[in-house]
Amino acid sequence: MERILVVDDNKQNIYMAEILFAGNGFEVETASNGKEALEKARANPPDLLISDILMPVMDGFALCREWRKDENLKNIPFVFYTATYTEPEDEQFALSLGADRFLKKPLDTVELIRITKELMNKKETGSYPDKEQEPPQEEVYLRLYNQALVHKLEDKLFQLEEANKRLEYEIKERQYAEQRLYSYEKQIAQSQKMEALGSLAGGIAHDFNNILMAIMAHAELAILDSSENIPNSKNIEQIQVACNRAKELINQILTFSRQASVEKRPIKISTIAQEVLKLIKSSLPPGIEIKQKIESESPVMANPTQIYQVLINLCTNASHAIKKKEGIIEVRLSDCIIDNPAESALKGLVPGKYQKLEVIDNGRGIKADDLDEIFSPYFTTRKNEGGTGLGLSVVQNIVKNSGGRITVKSTYGQGATFSLFFPVCQDGVEKALYDSAIIKTENEHILFIDDETTFMEMAVEMLEKLGYRVTAFSESMAALKAFKARPMEFDLVLSDIEMPFMSGLELVNELHTIHNDIPVVLCTGFSDRITEKRTEELKIKGFLMKPFILSDLSKAIRKALGKPDGHIK
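Keep in mind that what you see is a predicted model, and the values were worked out from it rather than measured.

1. Regarding the nonpolar core
Formed by 37 residues in total, the largest nonpolar core has its most connected members in Ile307, Leu311, Leu314, Leu357, Phe418, Leu420 and Phe422. Listed by contribution, the elements that provide at least two residues to this core are helix H8 (269-281), strand E8 (299-302), helix H9 (304-322), strand E9 (327-338), strand E10 (352-361), helix H11 (391-401), strand E11 (405-410) and strand E12 (416-423). A per-element tally of this core places H9 first, with 8 residues. Setting aside its immediate chain neighbours within four residues, Ile307 contacts Ile267, Ile269, Ile272, Ala302 and Phe422. Residues Phe448, Val521, Leu544 and Phe548 belong to the second largest nonpolar core, which totals 28 residues.

2. Description of the packing of helix H2 (residues 34-43) against helix H3 (residues 60-69)
When two helices pack together, their arrangement is given by the angle between their axes and by how far apart the axes lie. Packing of H2 against H3 brings their axes to within 9 Å, and their N-to-C directions diverge by 25°. Judged by the inter-axis angle, H2 sits roughly parallel to H3. When you trace H2 past H3, the crossing you get is right-handed. Across the interface between the two elements, Gly34, Ala37, Leu38, Ala41 and Arg42 of H2 pack against Leu63, Glu66 and Trp67 of H3. A class-by-class count of the residues in the contact of H2 with H3 yields 5 nonpolar, 1 polar and 2 charged.

3. Observations concerning unusual backbone geometry
With an omega of -10°, the peptide bond running from Lys105 to Pro106 counts as cis. Summarising the element assignment, Pro106 is placed in the loop between strand E5 (101-104) and helix H5 (109-125). Positive phi is not limited to glycine here, since Val57 has a value of about 70°. Relative to the elements of secondary structure, Val57 occurs in the loop between strand E3 (48-51) and H3. Look at Val57 and you get exposed, because its relative accessible area is 68%.

4. As for the sheet that holds E11
Taken in spatial order, the 5 strands make up an open sheet running E7-E9-E10-E12-E11, and their pairing is mixed. At either end of the open sheet lies a strand with only one pairing partner, and these are strand E7 (288-294) and E11. For this sheet, the mean angle separating the axes of adjacent strands, direction not counted, is 15°. Across 10 bridges, E9 lies against E10 in antiparallel orientation. Each residue of the ladder has a partner; that of Arg332, found in E10, is Glu358. The sheet contacts of H8 involve E7, E9, E10 and E12, and relative to E7 the element is tilted by about 170°. Sheet strands touched by H9: E7, E9, E10 and E12. Its angle to E9, the strand with the most contacts, is close to 135°.

5. A look at the environment of Phe208
Of note, Phe208 is situated in helix H6 (residues 138-225). In the structure, Phe208 is positioned 38 residues away from Ala246 in sequence and 9.4 Å away in space, judged by C-alpha atoms. Those residues in contact with Phe208, other than ones at most four positions away along the chain, are Ala246 and Ile250.

6. Concerning a nonpolar patch on the surface
A cluster of nonpolar side chains, Tyr15, Met16 and Ile19, forms an exposed patch at the surface whose accessible area comes to about 320 Å². By the element assignment, Ile19 lies in helix H1 (residues 11-23).

7. Comments concerning the side chain of Asp8
Structurally, Asp8 is set in the loop between strand E1 (3-7) and H1. Setting aside its immediate chain neighbours within four residues, Asp8 contacts Asn13, Ile14, Ala31, Ser32, Asp52, Met55 and Lys105.

8. Observations regarding the sheet that holds strand E14 (residues 445-449)
On the basis of which strands lie adjacent, the open sheet formed by 5 strands has the order E15-E14-E16-E17-E18 and parallel pairing. Bordering the open sheet on either side are strand E15 (469-473) and strand E18 (542-545), each of which pairs with just one other strand. Strand after strand, the sheet turns through a mean of 20° between neighbouring axes, direction not considered.

9. Section: the side chain of Asp450
If you trace the backbone, Asp450 turns up in the loop between E14 and helix H12 (453-465). Side-chain polar atoms of Asp450 contact the backbone nitrogen of Glu452, separated by 2.8 Å. Excluding anything up to four places from it in sequence, Asp450 contacts Phe455, Met456, Phe473, Ser474, Asp496, Met499 and Lys546.

Each value, and the rule that gives it
- Residues numbered from 1 in each chain as written.
- Predicted model: local features only at pLDDT ≥ 70, side-chain atom pairs only at ≥ 80, totals over all residues.
- Heavy atoms only, no water.
- Core = buried A, V, L, I, M, F, W, Y, C linked by side-chain atoms within 4.5 Å.
- Buried < 20%, exposed > 50% of the residue type's maximum accessible area, 1.4 Å probe, protein only.
- Helix = DSSP H or I, 4+ residues; strand = E, 2+ residues; numbered from the N terminus.
- Contact = heavy atoms within 4.5 Å.
- Axes fitted to C-alpha atoms, helices over the stretch in contact; angles between N-to-C directions.
- Parallel < 35°, antiparallel > 145°, perpendicular 65-115°, else oblique.
- Left-handed = near helix turned anticlockwise from the far one by under 90°.
- Nonpolar A, V, L, I, M, F, W, Y, C, P; charged D, E, K, R; others polar.
- Pairing = 2+ DSSP bridges.
- Patch = residues over 30% accessible without salt bridge, like charges linked within 9 Å, V, L, I, M, F, W, Y side chains within 5 Å.
- Areas by Shrake-Rupley, 256 points an atom, 1.4 Å probe, with all protein chains shown as cover.
- Salt bridge = Lys/Arg side-chain N within 4 Å of Asp/Glu carboxyl O.
- Polar contact = N/O pair within 3.5 Å; in protein donor to acceptor, adjacent residues only side chain to side chain.

Right under this line is the structure:
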């Protein structure tokens, strides 16, 4: 069996060569460098040698030169098989040393076996020529060898430079990916915090609104039972005003925790601005002075909670810009006409009357390079101070969703001016705190369910005050049992949503299996179970959010019963 000596310092290449040649009927011996190959060949000469060029200790060129000098080895076929020295001058040098073939990796395995067998056959048949030619002289060999080596080193250096460039690029990409991952992790953490805050806010809202409902209802009942001439009536009215403000605060908490829908209505920014400035003044460093110049009372269509958010955010940013030194934050509100806006940020606004809200500070200002980025989500100049980069992005979205625009002017070191433009509602008026109109009743029978006993008793009094007959339960199962016994006696069901054992939604589903057309009105202090789709599926006719006033209750019931209005005082 013919024996092949394979020389390569790459273990994977050696392994593949052993499989290939052994599978084609050859005996295979291996060496990891030229020196080792010479020692093995001199001890037991092979029938053919296949060698890589670039190897430690002794490379392929030196091995070939020594091979042709050795009397016992010089007539054994020598094949170069390389992936490194692939230039024409490399091949020419290799052949000048006495190599029989110069093959470049990768080579088709069939072709490699063909060449191997061809050289073997020539040696066996005696047609393989004896290698009597003299190898290059030492001086010539060294010159050619050095040229090949220098050329290859140049190639290697170029490849190394390219590899370094790729590595630098990959490092930058990895750093960028890590930064993005860190940013996403912060976003996820913030989202989880907001989710937890939302759950907490929902629970607080539910309990607080139930308490607030009791205060508001008793105050309203007291007003209805009292004469307008008694001194206490004005005090009770102030309780109603305070309760309404508390209701708005709960709505703000739910909105900030993303658990309340955003409803826009005609509002006066002037009123909100004055409240925000009173609120934020106590949290500012003593060296910061707040000034206000309110010159407009025009109504705009917006969400009051979001306007609170806008003003608090801008004033907070202004205080951060001033930091601990003395400074001034000024809030201005005025009317203006926008026809052909000169500022690019205002282009596209519908011509007309606008209310201009300005927040001005004399702090450090904004760098020119940052002005185009400040409204981008997660862009912040206060990374080391806990800035999230979300504030101004949220502000911009709120203003745009209100049909307006926001612009900023700043010179670094000289403060900043944020200008917000809101379209004025020409016929808009702020919603009255209370509509005391109560609708006539026809002595209908209402089934009322709420697990809060105190609220249940108070609600019964409210419903009876409106002229309804009421059957009340504090347990869903008891109410269901009563309804099953006499379903046609009730004209309407009024139920809380969040109750133990059986929720209001589950109760409604059971009631409709008994009497499919019974009108249902749901009420709650807060619930995330109810959706518009779920309301339609359960055929719910009305929905009341605690705390509500008597007129709201009256209107919701009449609408659910499908009865016409007919207001009385």
